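Working through the structure, step by step
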Amino acid sequence: MKIPFVDLHAQYLSIRPEIDNAIAEVIANTAFIGGQFVRKFESDFSSLLGVEHTVSCANGTDSLYIMLRMLGIGVGDEVVTVANSWISSSETIGQTGALPVFVDVTSDYYSIDENLFEAAITERTKAAVIVHLQGQPCEMQTIKEICDRRGITLLEDCAQSHLTEYKGQTVGTFGFAASFSFYPGKNLGAYGDAGCIVTNDAAFADKCRMFANHGALLKHQHKIEGINSRLDGLQAAILSAKMPYLNEWTQSRISNADLYNTHLKGIEEIILPIVRPDCKHTFHLYVIRVKNREKLSHYLKANGIDTAVHYPLALPNQECYKSRNLHGKFPVATELQNEILSLPMYPELTESQIEYIADKIRSFYK
Ligand SMILES: *Cc1c(COP(=O)(O)O)cnc(C)c1O
C-alpha cells in the first residue's frame, strides 16, 4: 500500500465541482487581484473565527512580518517566541530589526513552556509570537496573564491551528492579533500561497492593509513605504469554496488521531501525542516520539508510507543563529528534534490505511 504524507488530490476530488466553479467564476470576472472574491473571503473568515477584521495577504510569513512592523517593532526591541517552530515565526522578528528571544518547549505538549515564558521577558520586550504548533493550543491562560501583567503585546501564529480551541475559545482570538497561513498543506489550504491577519482592532487592521498594499489605502496615496503582499482572487475563491468543509475536515483529523491512538496502543517504544485538557487539538500533524527515528522512517518508506519531521533542527540550533551561542540552552527542543516523527495525516485518510501504518510500526519493533 502507498500512503502519502498528505493527499491534496483526494480532497480536490471530494469537492471538485465547487472548486472548478470557483475558479471559473474568478476567470469570468477577471478578478485576479483584490476585488469581490478577496473581500468575500475576508468576511467569510472573520465570521468563521468570530473576529471583526481579516486582512488577507500573500502568505503566512508576510502576515507575521506585517503585524510586527505595524506594531512599530524594530531595532533595539525583543520579541519572545518558541524554540520549535517553522522559521517564519522567528525570521520575521529578525527582519524588523528586533531580536527573537527563544523559549524552550514542554516535553508533553511540544509547545512553548509557559513556566519559562516570563523569564524571557526583559525591559526591551515588546511582543510575544506564540505558536499553536501541530494544532495543539498553547497554555493560553498563563501566557495571556503574563502578557497582560507585563504589558507585552500577544500575537498568535495560527498557521497550524485553524479552529483549534483552548478551553472553548478559538485560537487567534486571545491576543491583539493573529496570523494564519493557507499554504496548500495547512488545515485550510489554498492552491498556492495565501495568508491573513485577524484582529478586533479596526485601526490596526487598516494599518496592516495599508502596509501590505505599498503603504496606500487609496490608490496613489502612499502614507508610508509598504510592501506588496496581496492575496489573489483565485486563492480567495478557492478558500471560500473550501471553508464550509473545514469543520467536517477538522473532525475527520481528530477521528483519525483517535484511530492512530487505538491502533498504536501498547507499543512501548513510542510515545503518542496527548491533548491539553479541555482543549481541541486539530491535528495539523500527528506526531509520535521514538528513539530510533531514522531507522523507523526508512522502514516505513520501504513499505510505501511517507513520513516527515517538524522540525529536524530547533530554531535556536539553526545556522542563522549560530553567532548567538544558543547551543545547549534549549534542552527539550533539542531532544525532541531527534525523536519526533510526523505520520501521514489528512481528513481523507482511511481506517484501513491507519491500520496498515500501525501494523508496520508494530512489526518494526517486533
Ligand atoms: C506554514 C507556517 C508559517 C508560514 O506560512 P507560509 O504561508 O508558508 O508563509 C508560519 N508559521 C508556522 C508555524 C507555519 O507552520
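Residues numbered from 1 in each chain as written. Predicted model: local features only at pLDDT ≥ 70, side-chain atom pairs only at ≥ 80, totals over all residues. Heavy atoms only, no water.

**Concerning the overall build of the protein**
Counting secondary structure elements, the protein contains 13 helices and 14 strands. Relative to the compact-globule value of 21 Å for 366 residues, the protein shows a C-alpha radius of gyration of 21 Å, a close match. Residues classed as buried in the protein amount to 55% of the 366 residues present. The contacts in the protein between residues at least 6 apart in sequence include a share of 71% that link residues at least 24 apart. Surface summary for the protein: the accessible area is close to 15,500 Å², and the carbon and sulfur share equals 51%. (Helix = DSSP H or I, 4+ residues; strand = E, 2+ residues; numbered from the N terminus. Rg over C-alpha atoms; globule rule 2.2 N^0.38 Å. Buried < 20%, exposed > 50% of the residue type's maximum accessible area, 1.4 Å probe, protein only. Contact = heavy atoms within 4.5 Å. Areas by Shrake-Rupley, 256 points an atom, 1.4 Å probe, with all protein chains shown as cover.)

**Notes on the packing of helix α4 (residues 60-70) against helix α5 (residues 88-95)**
Two elements in contact, α4 and α5, have axes separated by 9 Å at closest approach and are oriented at 40°. For the element pair α4 / α5, the angle class is oblique. Seen along the crossing, α4 lies across α5 with a hand that is right-handed. Where α4 abuts α5, its residues Thr61, Leu64, Tyr65 and Leu68 lie against Ser88, Ser89, Glu91, Thr92, Ile93 and Gln95. Residue classes in the contact of α4 with α5 are distributed as four nonpolar, five polar and one charged. (Axes fitted to C-alpha atoms, helices over the stretch in contact; angles between N-to-C directions. Parallel < 35°, antiparallel > 145°, perpendicular 65-115°, else oblique. Left-handed = near helix turned anticlockwise from the far one by under 90°. Nonpolar A, V, L, I, M, F, W, Y, C, P; charged D, E, K, R; others polar.)

**What about the site of the ligand?**
Taken together, 13 residues lie near the ligand, and Gly60, Thr61, Asp157, Ser181 and Lys186 sit nearest. Taking Asn59, its side chain carries an N or O atom lying 3.5 Å from an oxygen atom of the ligand. One of the side-chain N or O atoms of Gln160 is found 2.8 Å from an oxygen atom in the ligand. Across the shell around the ligand, the residue classes break down as four nonpolar, seven polar and two charged. (Near = heavy atom within 4 Å. Polar contact = N/O pair within 3.5 Å; in protein donor to acceptor, adjacent residues only side chain to side chain.)

**Let's talk about the sheet that holds strand β6 (residues 165-166)**
One key point about sheets: their strands pair by backbone hydrogen bonds, in either a parallel or an antiparallel sense. Spatially, β7-β6-β12 is the arrangement adopted by the three strands of the open sheet, whose pairing is antiparallel. The outermost strands of the open sheet, each flanked by one partner alone, are β7 (169-170) and β12 (279-280). Bridging between β6 and β7 involves two bridges; their strand directions are antiparallel. Each bridged residue has a counterpart across the sheet, and for Tyr166 the counterpart in β7 is Gln169. (Pairing = 2+ DSSP bridges.)

**Considering the domain arrangement of the protein**
With domains assigned, the protein is organised as domain 1 (8-243) and domain 2 (245-364). Computed over C-alpha atoms, the centres of domain 1 and domain 2 are 24 Å apart. Facing 49 residues of domain 1, the contacting portion of domain 2 comprises 38 residues. Taking both partners together, domain 1 and domain 2 bury about 3,800 Å²; carbon and sulfur atoms supply 57% of that area. When the area that domain 1 buries against domain 2 is broken down by residue, the three leading residues are Tyr110, Gln134 and Asn187, summing to 18%. (Domains from an automatic or database assignment. Buried area = accessible area lost by both parts, 1.4 Å probe.)

**Description of the pattern of salt bridges**
Counted under the stated rule, the structure contains 13 salt bridges. Among the salt bridges present, the one from Glu145 reaches Arg149, with a minimum N-O distance of 2.6 Å. Within this pair, Glu145 and its partner Arg149 are both found in helix α7 (residues 140-150), separated by four residues, close to a single helical turn. We note a salt bridge from Glu294 to Arg293, for which the minimum N-O separation is 3.0 Å. Taking relative accessible area as the criterion, Glu294 reaches 45% and is therefore assigned partly exposed. We classify Arg293 as buried; its relative accessible area is 6%. Several salt bridges converge on common partners, so that one network encompasses Glu118, Glu145, Arg149 and Arg150. (Salt bridge = Lys/Arg side-chain N within 4 Å of Asp/Glu carboxyl O.)

**Remarks on the side chain of Asp157**
Considering the arrangement of structural elements, one finds Asp157 in strand β5 (residues 153-157). One buried charged residue, Asp157, remains without a salt bridge, the closest side chain of opposite sign being Lys186 at 6.8 Å. A polar atom in the side chain of Asp157 sits 3.1 Å from the backbone nitrogen of Ala159. When sequence neighbours within four positions are dropped, the list of residues in contact with Asp157 reads Leu64, Ser89, Val129, Ile130, Val131, His132 and Ser179. (Lys, Arg positive; Asp, Glu negative; His and termini not counted.)

**As for the packing of aromatic side chains**
This structure, assessed with the given rule, holds 16 aromatic pairs. Ring geometry for Phe102 versus Phe330: centroids 6.2 Å apart, planes at 85°, classification edge-to-face. Here Phe102, found in strand β3 (residues 99-103), pairs with Phe330, found in the loop between α11 (293-302) and α12 (331-337); they are 228 residues apart in sequence, far enough to count as distant. With respect to burial, Phe102 and Phe330 carry one shared label: buried. Three or more aromatic residues joined by ring pairs form one cluster here, namely Phe41, Phe45, Phe180 and Phe182. (Phe/Tyr/Trp six-rings, centres within 6.5 Å; stacked < 30°, edge-to-face > 60°.)

**A look at helix α9 (residues 233-242)**
Counted residue by residue, α9 has nine buried out of 10 residues, so it is predominantly covered. Gly233, Gln235, Ala236, Ala237, Ile238, Leu239, Ser240, Ala241 and Lys242 are the residues of α9 that are buried. Residues of α9 that are buried sit in contact with α1 (8-14), α2 (16-29), α3 (36-49) and α10 (246-264).

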